[in-house]
Structures are given as C-alpha cells and as structure tokens.
Amino acid sequence: MPNDHMEEGENGFFRSSIGVLNESFYTPRCNGEPNSARSVASDFEPFEDAPDGDSLELSMPNLVDDSVFISPDLYDFFQSSLPNIVKGCQWTLLYSTVKHGISLRTLIRKSANTSGPCLLITGDKQGAVFGGLLEAPLRPTAKRKYQGTIQSFVFTTVYGEPRLFRPTGANRYFYLCMNEFLALGGGGHFALCLDGDLLSGNSGPCDTFGNLCLAHDEEFQLKNVELWGFTHASRYFTS
C-alpha cells in the first residue's frame, strides 16, 4: 500500500505537526548481570522514540490545518510540484468532508474563500491518495463547459510513490464543475470524477493528462475529500 508507513492519529487525522518518525531506536546495553535492569531491558524489541513536536512541525511549516491525507513526504512532493505563484504561501483548508459534511455544493461554496490555484485531495478505501490542481473559486456551469489552465494537473500515490500527470497538450479539457459532479480531464475518460454527494467516484486514462487510473479500481468509494487554498503569510499578520 502506498501509505502503509503513515500512522493516523485520532479521528483519522494526520496532524499538521506530524513529520517523519525518528529513525533512532532505543537500544539498551546489557551489563551481563542476570536480572539487572539493563539485562531485562535488552530482552525487549527496539522501539521508535516519541517524535519531538517542535521539530516535526517544521517538516510542514506552511500547513496551518489538519489533514486526513497529507504526510511530510506528500507535502514535499506538492512543494516541488505546485506553481511558483503559491510557493511559500500558507496552506488553508477550505473544505473537508470531516469538518463540513458530505456535499459538493458546500465544497464549491467554500472554494470562494480564496482565489487562484486550489488543491483537491481525496483517496479510496484501499489507501491510495489522489486529486488534482484546480482554480478557485470553483464556478459550476449549467452545461458541460471545461474550465482551468495549463497549470492544472492530477496526481496519485497508487503506484508506490507520488506521481504527477501534467497536461499533454492533446486538448484543454482541464476540469468540469457542475452541481452534480466535479471532473478533471477528458478525452477517452475522466482522469478523476467525484459525484455530487462525495461518496463515490471513478478514474481512468484520459488524453488531457496522459494519466493511468489514479485509484486502485476505476470505480471506488471515497475516503474523505479536502480542498486546500493558498494564502500569502502577510494576510495572517495583524497590527
């Protein structure tokens, strides 16, 4: 599984302060005396030290909210993949099914709290994490009308490590936003499509991004949905 190495905290959250677990182990020495404290300790299996909260928070310094999905490794992957315009910005959680309920309409409404690129992150019940880059605010259309720019991309962890698919230039079918569904990509198949209740979705190869299926199966049940916006840190300063 792509993220077997990650541990979830209470309520399934990855705390924003969670980082890569310390690789140092407690390895007691035995002084050779039977029943001594060191001798008894040496019979135990090595275990990982408790991570230091301050140092772990530094591993994802711009993440100001909790995430179900974002680990330090995935955070670093996004930092190297996002457009330059949002690099160095604070990551703000615009919408989460955990916090705001299960509704695409609510996700669309919450997207109005920022402008510019926004990152959609979701996953399947088997542990894959995937999504894509959109433009906020999301504006639903009555008819199928593609929106977005060449900054758009889709990604997945289903193949072991995070993998990014950028536009191929085959078409400009970046994403569709309607009240009934949200879809990224087109031409042959949607790269990713979420239904209106954000409970299920589908994914397949598409011409727009030249991607493979982003999930374990083309039809899948969703494990939460998050939408992240990016804000310059100066907006958090108060006089």
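This structure is a prediction, so every number in the text was calculated from the model and none was measured.

A. Main features of the overall build of the chain. Tallying secondary structure elements over the chain gives five helices and ten strands in all. Per-residue burial for the chain yields a buried fraction of 48% across its 239 residues. In the chain, of all internal contacts separated by at least 6 residues, the share reaching a separation of at least 24 is 61%. Accessible surface for the chain amounts to roughly 12,300 Å². Of this, 49% is attributable to carbon and sulfur atoms.

B. Spotlight on the environment of Arg 166. Considering the arrangement of structural elements, one finds Arg 166 in the loop between β5 (163–165) and β6 (175–177). C-alpha of Arg 166 to C-alpha of Thr 208: the two residues are 42 residues apart in sequence and 8.1 Å apart in space. The residues contacting Arg 166, other than those within four sequence positions of it, are Ser 81, Ser 152, Phe 153, Thr 208 and Phe 209.

C. Inspection of the environment of Gly 132 at higher detail. Considering the arrangement of structural elements, one finds Gly 132 in strand β3 (residues 129–136). A relative accessible area of 0% means that Gly 132 is categorised as buried. For the pair formed by Gly 132 and Leu 192, sequence separation is 60 residues and the distance between their alpha carbons is 8.4 Å. Excluding residues that lie within four positions of it along the chain, Gly 132 makes contacts with Cys 118, Leu 119, Leu 120, Phe 153, Val 154, Phe 155 and Leu 184.

D. Main features of the pairing of β3. Where burial is concerned, most of β3 is hidden: eight out of the eight residues are buried. What sits between strand β2 (residues 116–124) and β3 in their antiparallel hairpin is a turn of four residues, with Gly 127 showing a positive phi close to 110°. Summarising the sheet, β3 and strand β4 (residues 154–156) pair through three bridges and their orientation is antiparallel. Across the sheet, residue Gly 131 finds its bridge partner in β4, namely Phe 155.

E. Representation of the confidence of the model for the chain. Mean pLDDT over the chain stands at 81; residues scoring 70 or higher make up 73%. Here residues 1–53 is modelled with pLDDT under 50, and outside its nearest four sequence neighbours on either side it reaches 73 contacts, counting other chains as well. Overall, residues 235–239 carries pLDDT values under 50, and its contacts beyond four positions in sequence, including any with other chains, amount to four contacts.

F. Spatial organisation of the side chain of Thr 141. Tracing the backbone shows Thr 141 in the loop between β3 and β4. One polar contact links the side chain of Thr 141 to the main-chain carbonyl oxygen of Lys 143, over a distance of 2.6 Å. Beyond its immediate stretch of four places on either side in the chain, Thr 141 contacts Gln 147, Cys 177 and Met 178.

G. Quick look at the packing of aromatic side chains. Overall, the coordinates contain nine aromatic pairs when judged by the stated rule. Relative to Trp 228, the ring of Trp 91 lies with its centre 6.3 Å away and its plane at 65°, an arrangement referred to as edge-to-face. Of this pair, Trp 91 sits in strand β1 (residues 90–96) while Trp 228 is found in strand β10 (residues 219–231), placing the two residues 137 residues apart along the sequence. On the basis of an interplanar angle of 80° and a centroid distance of 5.2 Å, the ring pair of Trp 91 and Phe 230 is categorised as edge-to-face. Pair noted here: Trp 91 is in strand β1 and Phe 230 is in strand β10, with a separation of 139 residues, a long-range link.

H. Just the nonpolar core, in detail. Judged by nonpolar contacts, the single largest core of 32 residues is most densely connected at Leu 107 and Leu 120. Where this core is concerned, the elements lending two or more residues are β1, α5 (104–110), β2, β3, β6, β7 (181–184), β8 (192–195) and β10. The next biggest cluster of nonpolar side chains, apart from the first, holds 22 residues, and it includes Leu 82, Leu 119, Trp 228 and Phe 230.

I. Structural view of the environment of Pro 72. Mapping Pro 72 onto the fold places it in helix α3 (residues 72–81). Residue class for Pro 72 comes out buried when judged on its relative accessible area of 8%. Residues Pro 72 and Ser 59 lie 13 residues apart in sequence; the distance between their C-alpha atoms is 6.3 Å.

J. A look at unusual backbone geometry. In this model, Ala 136 is joined to Pro 137 through a cis peptide bond whose omega is -5°. Summarising the element assignment, Pro 137 is placed in the loop between β3 and β4. Even without glycine at this site, Leu 198 takes up a positive phi of about 55°. Along the chain, Leu 198 falls in the loop between β8 and β9 (200–202). Notably, Asn 224 is not glycine yet its phi reads approximately 70°, a positive angle. Here Asn 224 is to be found in strand β10.

Analysis parameters
Residues numbered from 1 in each chain as written. Predicted model: local features only at pLDDT ≥ 70, side-chain atom pairs only at ≥ 80, totals over all residues. Heavy atoms only, no water. Helix = DSSP H or I, 4+ residues; strand = E, 2+ residues; numbered from the N terminus. Buried < 20%, exposed > 50% of the residue type's maximum accessible area, 1.4 Å probe, protein only. Contact = heavy atoms within 4.5 Å. Areas by Shrake-Rupley, 256 points an atom, 1.4 Å probe, with all protein chains shown as cover. Pairing = 2+ DSSP bridges. pLDDT = per-residue confidence, 0-100. Polar contact = N/O pair within 3.5 Å; in protein donor to acceptor, adjacent residues only side chain to side chain. Phe/Tyr/Trp six-rings, centres within 6.5 Å; stacked < 30°, edge-to-face > 60°. Core = buried A, V, L, I, M, F, W, Y, C linked by side-chain atoms within 4.5 Å.

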